[in-house]
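So the chains spell out like this:
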Amino acid sequence: MNDRESEKRNQTKRSLLESARDLVAERGSDRISIQEITTRADVATGTYYNYFETKRDIFVAVALHLRSQMQEDLEPVRNKIKDPAMRVTITLRYYFDQAFNHNEWREFVSNTELSGDITLHQPEDEALKDIEEGIKGGRFRVDDPSFTQSLILGMVKHVIEQIESRKADKGCVNYAIRSVLQMLGLPELVSQALTQTPLPPIAATKRERKKPFNETSLAPVTSISEYSSGLNSKS
């Protein structure tokens, strides 16, 4: 596959993701069909199956894309923080804050029933690297970085799930961050002080939604024979 073909495939996939994202926001996941997603993306219905097997697959892909966008938004701020402990603190607070305040994320994972399956958290390899850098710099005291990272990830997932189910408040978040810092070997007073650090300004990625058009004439696709006829109608 040459670069042009690869870019075309990437663009098609992006169009499908954007269409699914918009349609879920407009009508929820149960009231849209794969055919409506492909029509909004302006691709043949059969083309969908070159990228995804089920409707749930594209919902998972959209959620992962949203989470990746958050990571990209945070990255410029993380790059400016030299202290590993402060970097961990800001990263944790950012993802907890997104769980509280990122309305599109909350509504999307709720509407698609992905809550609990896909959780907001820092990429695992990045989190492990933060711990290893803190150990190397003498900031953290950890015997097993990988095991510690897995323990922290489990705690973060639990707190996020509690936030999304509205069982946790900001006080729970502060306690979780302080506990993570102490798990990394920081003294209690230092952990408490870091926990009080507010989030710096973080610019969120902006996007323009496609304007919906009349899709009321679309009939749902119920079998392979119904969509296979359209495989060659569009690229």
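Look a little higher up for the structure.
Residues numbered from 1 in each chain as written. Predicted model: local features only at pLDDT ≥ 70, side-chain atom pairs only at ≥ 80, totals over all residues. Heavy atoms only, no water.

**Student:** Let's hear about the packing of helix H3 (residues 55-80) against helix H5 (residues 103-111): which residues, and what values?
**Tutor:** At a minimum axis distance of 11 Å, the contact between H3 and H5 shows a crossing angle of 160°. In terms of orientation, H3 and H5 fall into the roughly antiparallel class. Of the two possible hands of crossing, H3 and H5 adopt the one that is left-handed. Between H3 and H5, the residues in contact are Phe-59, Val-62, Ala-63, Leu-66, Arg-67 and Met-70 and Glu-104, Trp-105 and Phe-108, respectively. Grouping the amino acids of the contact of H3 with H5 by side-chain chemistry returns 7 nonpolar, no polar and 2 charged. (Axes fitted to C-alpha atoms, helices over the stretch in contact; angles between N-to-C directions. Helix = DSSP H or I, 4+ residues; strand = E, 2+ residues; numbered from the N terminus. Parallel < 35°, antiparallel > 145°, perpendicular 65-115°, else oblique. Left-handed = near helix turned anticlockwise from the far one by under 90°. Contact = heavy atoms within 4.5 Å. Nonpolar A, V, L, I, M, F, W, Y, C, P; charged D, E, K, R; others polar.)

**Student:** Please provide a residue-by-residue account of the packing of aromatic side chains, values included.
**Tutor:** Per the stated rule, a full pass over the model turns up 5 aromatic pairs. Ring geometry for Tyr-48 and Tyr-49: centres 5.3 Å apart, planes at 75°, overall edge-to-face. In this structure Tyr-48 comes out as buried when scored by relative accessible area, which is 0%. Tyr-49 sits in the partly exposed class, given a relative accessible area of 31%. Measuring from ring centre to ring centre gives 6.5 Å for Tyr-51 and Phe-52, while their planes differ by 40°; the resulting arrangement is tilted. Aromatic rings pair up to connect Tyr-48, Tyr-49, Tyr-51 and Phe-52 into one cluster. Over the ring of Phe-100 we find Lys-170, and its NZ or CZ is 5.1 Å from the ring centre. (Phe/Tyr/Trp six-rings, centres within 6.5 Å; stacked < 30°, edge-to-face > 60°. Buried < 20%, exposed > 50% of the residue type's maximum accessible area, 1.4 Å probe, protein only. Lys NZ or Arg CZ within 6 Å of the ring centre and 35° of its normal.)

**Student:** Can you explain the nonpolar core? Please cite residues and give values.
**Tutor:** In this structure, Leu-16, Ile-58, Phe-96, Trp-105, Phe-108, Ile-163 and Leu-184 are the most contacted members of the largest nonpolar core, which totals 54 residues. Put simply, the parts of the chain that give this core at least two residues each are helix H1 (3-27), helix H2 (34-41), H3, helix H4 (84-101), H5, helix H7 (145-164) and helix H8 (170-183). In contact with Trp-105, not counting residues within four places along its chain, are Ala-63, Leu-66, Arg-67, Met-70, Ile-118, Thr-119, Leu-120 and Glu-164. (Core = buried A, V, L, I, M, F, W, Y, C linked by side-chain atoms within 4.5 Å.)

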